[in-house]
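# Report on the structure
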Amino acid sequence: MRDGTVGGNGFGTAPNPDHRGWDESLYRDDARAYAPGAPSGTDSGGDDGAGSGAGPDADPASSDGGQEPPERIPGQRGAAGGGGHRRGGSRRRTKSRKRRVLKWVSIGAAVAVLGSAGAAYGYYEYLAGKIRKGERVSGSSTVAKTKANAAGKTAMNILILGSDSRNDPEDLKLGGAKNTVGDAARADVIMIAHLSADRSNMSVVSIPRDTRVNIPACTDPKTHEKFAPVNDIINASLGRGGAGCTLATVQNLTGVYIDHWLTIDFSGVVKMADVVGGVEVCVKQNVDDHSTPAQPGGSHLHLKAGKQKIYGETALKWLRTRHAWGSDAARAKAQHMYMSALIRQLRSQNLFTDPGKLNKIATTAMEAFEVSKEIGTPKKLYDLGMQLKTVPSDRITMLTMPHDADPKAPLAHYIPSADAPQVWSLLRNDVAMDGNGKAKTPASGAPATTPATTAPQGPAAAASDTIAVSVVNGTAGTSDGVATPNRAGGIATTLKTAGFTKAEASQQTKPSPGTSLTYPTSSGDQGKADATAVGKALKIPAGNVKASADVDTITLTIGADWKTGTDFSKTLPKSGSVPTTAEAVNGADTTGCMEVLPIYRW
């Protein structure tokens, strides 16, 4: 949580490692197919990329050991029977900061567990009753579902949310303002986990909780209360219709279709660092994050210089620390270091030889989950995890949405910066953010240098001079953005020159973060062929052409990602082209070591 002292240069949240996607072909109705030894076309054995478990004993100084889950579980063979602002007033309130950091421990460990605990059916049978579910979307959004690439594969985007609710007694014990009990939850951590279509790489983009956005009209699926659209801080969206409202808000902000959501509460967070055997971090100098007259509070992190494993309460202090590092951006760096190390720790161990360790981690993690209902079964979460575990650490990238100070509240809130559309474009076009992959060809299913624009099998496009096209200027990106003047008219002229004489610039604008080319759903294959022909004239990939029930003619909306030029393919980002302002961290980086400000050294 930012302290209100860094303005637009701080980071409100930090990304962390998680997430996955699943292949429809992996679904089975018979959950017994996942029992150990059962015939299956899916690898359910141990895997070098799968694994997590308890390591060394917990730090004796830690007070966070807590109650451990049972070694045996029911169903296991041989088992025994049976407003979007910060809460709590002052921005410097240390308890609220402590509460927020808990999400980093839980999110990283809980999601990584899914990637390492795939084969043990008995645990999923036991945990099935613990999975809480909700509606995927409960707000207004017109972002279309991602289409399969040339190889028939589809990227997966999952929204990861951490609620700051103190309504659970266990959560309240972990800190925060007691006067907020009973209030609507807020989204304290908001991340998009993107798993590439070929499952070779993954990126996790954090959206600062204090980012000002347009929240759409939402309906709470539990109470049926309706909420009107509002311009507010994004964390307020969770209390205006649940996770499905936040999902719609994020879709509208980014132009990225979100397939599923996952929310986590954090009463078991501190135990995670102990149960995995500690997490390695590094400081360049001895650090003591104590209270000072200039910066009251502090996390009270106390460590010697060098690399070392931290546990329980110490891990929590590490994630809370800001003052000793010097800024929120530096705190994000420390959180990234922790989460990368946590992922590596989990993947380096093999739980299949020690069900007790698996039980401890999986039980602690799964009790914290609430998911969108379409993935609310153990076998679907298993499918997600099996695909996640194939991503090597050096193909995982964690970053934060580039942002500037919000003019309405520069010391408290953010707005997306001019670099943010580049990040959204990387996600929409399924372009690897790490740059560590091999060169791909169209045959491999990855985006080519020159996007494929050939019309798919079906009817031929009509004569170009008979195809009506409405061109909409959406280059403002958001309602607060500035549109490129006469952009729609310029592209309409380009289309006319190419023979599409019925292309016309719309008199209305529709801010959009990304460019879209849609055709009426009712026009079927013919509409698709005609729209694809329009896209070909502007070098818009055929895969970007989508049906929509919200248009009555072929509609080209020019987004913030295409403010100049007439060749859309030139806007497609290259692998690894992440803006420096996103502070990207690679999951395999083990060289990081935090610099400590002199006043906090000992």
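Source: prediction; values computed, not measured.

### A closer look at the overall build of the protein chain
Scanning the protein chain from N- to C-terminus turns up 12 helices and 23 strands. Entry remark: accessible area of the protein chain is about 23,500 Å², with carbon and sulfur atoms responsible for 52%.

### Structural notes on the environment of Asp 525
Mapped onto the secondary structure, Asp 525 falls in helix H12 (residues 524-538). Note on Asp 525: relative accessible area 55%, which makes it exposed. Sequence-wise, Asp 525 and Gly 458 are 67 residues apart; in three dimensions their C-alpha atoms are separated by 6.6 Å.

### A few points about the environment of Ile 599
You can see Ile 599 is positioned in the segment after strand E23 (585-586). The sequence separation of Ile 599 and Asp 288 amounts to 311 residues, and the corresponding C-alpha distance is 8.9 Å. For Ile 599, the contacting residues outside a window of four places in its chain are His 290 and Thr 292.

### Quick look at helix H6 (residues 312-320)
Within H6, 8 of the 9 residues are buried, which leaves the element mostly enclosed by the surrounding structure. Along H6, the residues that are buried comprise Gly 312, Glu 313, Thr 314, Ala 315, Leu 316, Trp 318, Leu 319 and Arg 320.

### Some points on the packing of aromatic side chains
Where two aromatic rings form a pair, the distance of their centres and the angle of their planes describe that pair. Summed over the entire model, instances satisfying the criterion amount to 2 aromatic pairs. Where Trp 562 meets Phe 568, the ring centres are 5.3 Å apart and the plane angle is 75 degrees; that geometry is what we call edge-to-face. For the pair shown, Trp 562 and Phe 568 are each scored as buried.

### Brief notes about helix H10 (residues 420-428)
Inspection of H10 places Ala 420, Val 423, Trp 424, Ser 425, Leu 426 and Leu 427 among the buried residues, and these make up the whole buried set. Of the surrounding elements, those touching the buried residues of H10 are strand E3 (187-195), strand E4 (202-206), helix H4 (243-254), strand E15 (396-400) and strand E17 (414-416). One or two residues past the end of H10 sits Asp 430, with phi positive at roughly 55 degrees.

### As for the pairing of strand E14 (residues 369-372)
Two elements, strand E1 (residues 132-134) and E14, share 3 bridges in a ladder whose sense is parallel. Bridge pairing in E14 places Lys 133 opposite Val 371. Judged from the 3 bridges that link them, strand E9 (residues 260-264) and E14 form a sheet pairing that is antiparallel. Counted as the bridge partner of Thr 263 is Glu 370 from E14.

### With respect to the sheet that holds E4
Sheet architecture is open: 8 strands sit in the order E1-E14-E9-E2-E3-E4-E15-E23, paired in mixed fashion. Each edge of the open sheet carries a strand with a single partner, namely E1 and E23. In the packing of H4 onto the sheet, the strands contacted are strand E2 (156-163), E3 and E9, and the crossing angle to E2 comes to about 125 degrees. The strands touched by H10 are E3, E4 and E15; relative to E4, the strand with the most contacts, the crossing angle is about 145 degrees.

### As for the state of the cysteines
If you walk through the whole model with that rule in mind, you get 2 disulfides. Here Cys 218 engages in a disulfide with Cys 245; their sulfurs sit 2.1 Å apart. Sign of the S-S torsion, about 75 degrees for the bond between Cys 218 and Cys 245, identifies this disulfide as right-handed. Remark: Cys 245 occurs in helix H4 and Cys 218 occurs in strand E6 (residues 218-219); sequence separation between them is 27 residues. Across this residue pair, the class does not change: Cys 218 and Cys 245 are buried. Cys 282 shares a disulfide with Cys 593; S-S distance 1.9 Å.

### Regarding the nonpolar core
Ranked by size, the top nonpolar core spans 49 residues in total, and within it Val 287, Trp 318, Trp 325, Tyr 338 and Met 594 carry the most contacts. Sort the elements by how many residues they give to this core and helix H7 (residues 328-347) lands first, with 9 residues. Ranked by size, the runner-up nonpolar core spans 32 residues in total, among them Val 213, Ile 234, Ile 258 and Leu 399.

### Here we look at the sheet that holds strand E18 (residues 469-473)
Taken in spatial order, the 5 strands line up as E19-E18-E22-E20-E21 in an open sheet, and their pairing is mixed. Of all strands in the sheet, those bounded by a partner on one side alone are strand E19 (503-509) and strand E21 (545-548). Between one strand axis and the next, the sheet turns through 30 degrees on average, direction left out of account. Sheet topology note: the E18/strand E22 (residues 554-558) ladder contains 5 bridges and is parallel.

### Considering the side chain of Glu 370
Take Glu 370: it is sitting in strand E14. For Glu 370, a relative accessible area of 16% corresponds to the buried category.

### Examining the pattern of salt bridges
Tallying each qualifying case throughout the model produces 11 salt bridges. Here Glu 135 and Lys 373 are joined by a salt bridge, their closest N and O atoms 3.0 Å apart. Remark: Lys 373 occurs in the loop between E14 and helix H9 (378-388) and Glu 135 occurs in the loop between E1 and E2; sequence separation between them is 238 residues. Connected through salt bridges with shared partners, the residues Lys 284, Glu 595 and Arg 601 form a single ionic network.

### What to know about the packing of helix H11 (residues 487-497) against H12
Across the interface, H11 lies against H12 with an axial gap of 10 Å and an inter-helix angle of 100 degrees. With respect to H12, the axis of H11 lies roughly perpendicular. For the pair formed by H11 and H12, the contact residues are Ile 491, Thr 494 and Leu 495 on the first element and Val 534, Ala 537 and Leu 538 on the second. Looking at the contact of H11 with H12, its residues break down into 5 nonpolar, 1 polar and no charged.

### Thoughts on the pairing of E21
Remember that side chains alternate between the two faces of the sheet whenever the strand is regular. Across 4 bridges, strand E20 (residues 516-520) lies against E21 in parallel orientation. Of the residues in E21, the one forming a bridge with Pro 520 is Ser 548.

### Focus on unusual backbone geometry
With the exception of glycine, most residues fall at negative phi, and the peptide bonds are largely trans. For His 300, which is not a glycine, the phi torsion comes out positive at approximately 65 degrees. Relative to the assigned elements, His 300 resides in the loop between strand E11 (287-288) and strand E12 (302-303). Phi is positive for Asp 430, which is not a glycine, with a value near 55 degrees. Relative to the helices and strands, Asp 430 is located in the loop between H10 and E18.

### Some words on the side chain of Thr 518
Within the secondary structure, Thr 518 sits in strand E20. Residues within four places of Thr 518 in sequence aside, it is in contact with Lys 546, Ser 548, Val 551, Thr 553, Ile 554 and Thr 555.

Parameters at a glance
Residues numbered from 1 in each chain as written. Predicted model: local features only at pLDDT ≥ 70, side-chain atom pairs only at ≥ 80, totals over all residues. Heavy atoms only, no water. Helix = DSSP H or I, 4+ residues; strand = E, 2+ residues; numbered from the N terminus. Areas by Shrake-Rupley, 256 points an atom, 1.4 Å probe, with all protein chains shown as cover. Buried < 20%, exposed > 50% of the residue type's maximum accessible area, 1.4 Å probe, protein only. Contact = heavy atoms within 4.5 Å. Phe/Tyr/Trp six-rings, centres within 6.5 Å; stacked < 30°, edge-to-face > 60°. Pairing = 2+ DSSP bridges. Axes fitted to C-alpha atoms, helices over the stretch in contact; angles between N-to-C directions. Disulfide = S-S within 2.5 Å. Core = buried A, V, L, I, M, F, W, Y, C linked by side-chain atoms within 4.5 Å. Salt bridge = Lys/Arg side-chain N within 4 Å of Asp/Glu carboxyl O. Parallel < 35°, antiparallel > 145°, perpendicular 65-115°, else oblique. Nonpolar A, V, L, I, M, F, W, Y, C, P; charged D, E, K, R; others polar.

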